[in-house]
Amino acid sequence: MSDRPDALADVLDVSRETLQRLEAYVALLRRWQPAQNLVSPRTLGEIWRRHIADSAQLVALFSHALRWADLGSGAGLPGLVTAILLEGRPGAVVHLL
């Protein structure tokens, strides 16, 4: 699996629009990492495999689930990725606490 957006394809098929939203999220993570230490600096070079694809696995495994809660989400993983993946799905709700 490469560490590019296509790393996600091994886990879940997503639309071009969803991929663009995830790319925007990754850009924000990279931008704010130095100031906020959102993810381990060692894993920043593996962000698509280590963080985005890992988070997407939950949606792939529980594709029928519409209500989600991410406790202690910190950088928003996996909650924000889950919310992005479920965007537009009727009845889907993701809470980040």
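You'll find the structure just up there.
Let me sum up the structure you'll find in this document. Since this is a predicted model, take the numbers as computed values, not measurements. (Residues numbered from 1 in each chain as written. Predicted model: local features only at pLDDT ≥ 70, side-chain atom pairs only at ≥ 80, totals over all residues. Heavy atoms only, no water.)

**Notes on unusual backbone geometry**
- Omega for the peptide link from L77 to P78 comes to 5°, which places this bond in the cis form.
- Among the structural elements, P78 can be located in the loop between β1 (67-70) and α3 (79-86).
- Its identity as a non-glycine residue notwithstanding, N37 has a phi of 50°, on the positive side. (Helix = DSSP H or I, 4+ residues; strand = E, 2+ residues; numbered from the N terminus.)

**Examining the pairing of β1**
- In β1, alternate side chains face the same way, and those of W68 and D70 are buried while those of R67 and A69 on the opposite face are not.
- Both β1 and strand β2 (residues 93-96) contribute to a ladder of four bridges, which runs parallel. Looking at β2, one finds that W68 is bridged to V94. (Buried < 20%, exposed > 50% of the residue type's maximum accessible area, 1.4 Å probe, protein only. Pairing = 2+ DSSP bridges.)

**Focus on the packing of helix α2 (residues 47-61) against α3**
- Contact pair α2 / α3: the axes reach a minimum separation of 9 Å and the direction vectors enclose 60°. By the angle between their directions, the pair α2 and α3 is classed as oblique. Considering how the two elements wind past one another, α2 and α3 form a crossing that is right-handed. Along its contact with α2, which presents I52, S55, A56 and V59, the element α3 presents V81, T82, L85 and L86. (Axes fitted to C-alpha atoms, helices over the stretch in contact; angles between N-to-C directions. Parallel < 35°, antiparallel > 145°, perpendicular 65-115°, else oblique. Left-handed = near helix turned anticlockwise from the far one by under 90°. Contact = heavy atoms within 4.5 Å.)

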